[in-house]
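Observations on chain architecture
Residues per chain, in single letters:
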Amino acid sequence: MKFSVVIPTLNEEILLPGLLKDLQGQTLRDFEVIVADAGSQDRTREIARQHGARVIEGGLPAVGRNRGARASSGDFLVFLDADTRVAKDFLEKAYAEIEERFLDLATCEFVPITQNALDRLLHDFSNLAVKLSQFADPHAPGFCIIISRRLFNRVGGFNENLKMAEDHELVRRAGQIRPMRVLNSVKVHVSVRRLEKEGRARLVSKYVAVELYRILLGEVKTDIFKYEFGNFSHEQQMQLESQVGKSKKQMQKIRREYARLFRLSGGDLASLPAEALDLLKAQFEKLKELMRDVLKIIHPE
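Worth saying up front: this structure is predicted, and the values here are computed from it rather than measured.

Rules used in this analysis
- Residues numbered from 1 in each chain as written.
- Predicted model: local features only at pLDDT ≥ 70, side-chain atom pairs only at ≥ 80, totals over all residues.
- Heavy atoms only, no water.
- pLDDT = per-residue confidence, 0-100.
- Contact = heavy atoms within 4.5 Å.
- Helix = DSSP H or I, 4+ residues; strand = E, 2+ residues; numbered from the N terminus.
- Buried < 20%, exposed > 50% of the residue type's maximum accessible area, 1.4 Å probe, protein only.
- Polar contact = N/O pair within 3.5 Å; in protein donor to acceptor, adjacent residues only side chain to side chain.
- Pairing = 2+ DSSP bridges.
- Core = buried A, V, L, I, M, F, W, Y, C linked by side-chain atoms within 4.5 Å.
- Right-handed = clockwise from strand over helix to strand, strands pointing away.

Glancing now at the confidence of the model for the chain. The predicted model of the chain has a mean per-residue pLDDT of 81, with 78% of residues at 70 or higher. Below pLDDT 50 for its whole length, residues 197-217 participates in 55 contacts with residues either more than four positions away or in separate chains.

Examined against the element boundaries, Met180 turns out to sit in strand β8 (residues 180-190). The exposure class assigned to Met180 is buried, which follows from its relative accessible area of 1%. Once the C-alpha coordinates of Met180 and Leu103 are considered, the two residues, 77 residues apart in sequence, prove to be 7.7 Å apart.

All right, on to unusual backbone geometry then. Of note, Asn11 is a non-glycine position whose phi angle comes to about 55°, a positive value. You can see Asn11 is positioned in the loop between β1 (3-9) and α1 (16-24). Exposure remark for Asn11: the relative accessible area of 39% places this residue in the partly exposed category. Here Phe102, not a glycine, exhibits a phi torsion of approximately 55°, which is positive. Tracing the backbone shows Phe102 in the loop between α4 (90-101) and β6 (105-112).

Next up on the list: the side chain of Ser40. You can see Ser40 is positioned in the loop between β2 (31-37) and α2 (44-50). We classify Ser40 as buried; its relative accessible area is 13%. Here Asn11 takes part through its backbone nitrogen, which lies 2.6 Å from a polar atom of the side chain of Ser40. Looking at Ser40, its side chain comes within polar contact range of the side chain of Asp37, at 2.5 Å.

So, about the sheet that holds β1. With mixed pairing, 8 strands are arranged side by side in an open sheet as β3-β2-β1-β4-β7-β6-β8-β5. With partners counted over all chains shown, the strands left at the sheet margins are β3 (54-57) and β5 (84-85), one partner each. Where strand β4 (residues 76-80) meets strand β7 (residues 144-148), 5 bridges bridge the pair, whose relative direction is antiparallel. In the strand pairing of β7, Val78 is matched with Ile146.

Right, let's talk about the side chain of Asp22 for a bit. Note that Asp22 resides in helix α1. Look at Asp22 and you get buried, because its relative accessible area is 14%. Within the structure, the side chain of Asp22 is placed 2.6 Å from the side chain of Arg85, a separation counted as a polar contact. When neighbours within four sequence positions are excluded, Asp22 is seen to be in contact with Arg85 and Val86.

Moving on: the nonpolar core. Most often, soluble globular proteins have nonpolar side chains that are buried together. Val5, Ile7, Leu23, Phe79, Ile147, Leu183 and Val188 are the most contacted members of the largest nonpolar core, which totals 54 residues. When residues of this core are assigned to their parent elements, the largest contribution, 6 residues, is made by β8. Not counting the four nearest positions on each side in its chain, Leu23 is found in contact with Val5, Ile7, Arg29, Phe31, Val33 and Val86. Core analysis: the next-biggest nonpolar cluster, separate from the first, contains 17 residues, Met251, Leu269, Leu280 and Phe284 among them.

In terms of residue burial, β1 counts as a mostly covered element, since 7 of its 7 residues are buried. Both faces of β1 are covered, namely the face carrying Phe3, Val5, Ile7 and Thr9 and the face carrying Ser4, Val6 and Pro8. Two elements, β1 and β2, share 7 bridges in a ladder whose sense is parallel. Within β2, the residue paired with Pro8 across the bridge is Ala36. This β-α-β element, β1 to α1 to β2, shows right-handed connectivity. Summarising the sheet, β1 and β4 pair through 4 bridges and their orientation is parallel. The residue bridging Val6 from the neighbouring strand is Phe79, located in β4.

In structure tokens form, the structure reads like this:
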């Protein structure tokens, strides 16, 4: 079997059907779907079984993903979240690219399911961060990680002792053995419900703080954040237009440079001279400063 798709769930009866229908319509048929459920009180388990998924006992995301991996049999594990959506040829194209590039570890770009300009900016920023990190300190969101079974087993799966960023930590460990790369042929569409629930500014601030915590103090093993935050007002959002516009222009500049270098390298940026990547990273640092200014506007201290 080529793929085992593992989906951790907890009370996902509303959004899970969309992803399961996407998976049922896949052009590649050599795969299984495992839903690792953490004790849902709604119809999540019933819905999963109705769509042909195997349901097992899950837990917190790391626990659920590990249990799903242990119950699976595919050569590659595909970790998706219940609030994601994929095209009907997602697995077919992903497998073809993985085979062509001899990959054991991969992720892909993620597109927000929203018309909100700021949401799109934040996701574009995250996509660029993932792309640039793949050559030094690889990151990948837990809602889209593709990893070979042999590599997953070799690194021991997700660290269940971590409270946050267990997805990035897995990719970092696995990336020390086999390179993590961003697939070019597929994308995952993601819900923005977490942004809406916690508030854009505070959520991004939290993610930045988590990364700093990991760099300075190590992996997150305690509850250092609360998860209920208020959203910013429409008036505040209107004040962002100028800064968001500058950020978009800088992002477009980086995207063009990334695409140019990608073509020059024949698809392997790691083969480029260090100076070329350093220039790209310097441009990204400018973008980070613009994004910090955005955060200062919508989340003043």
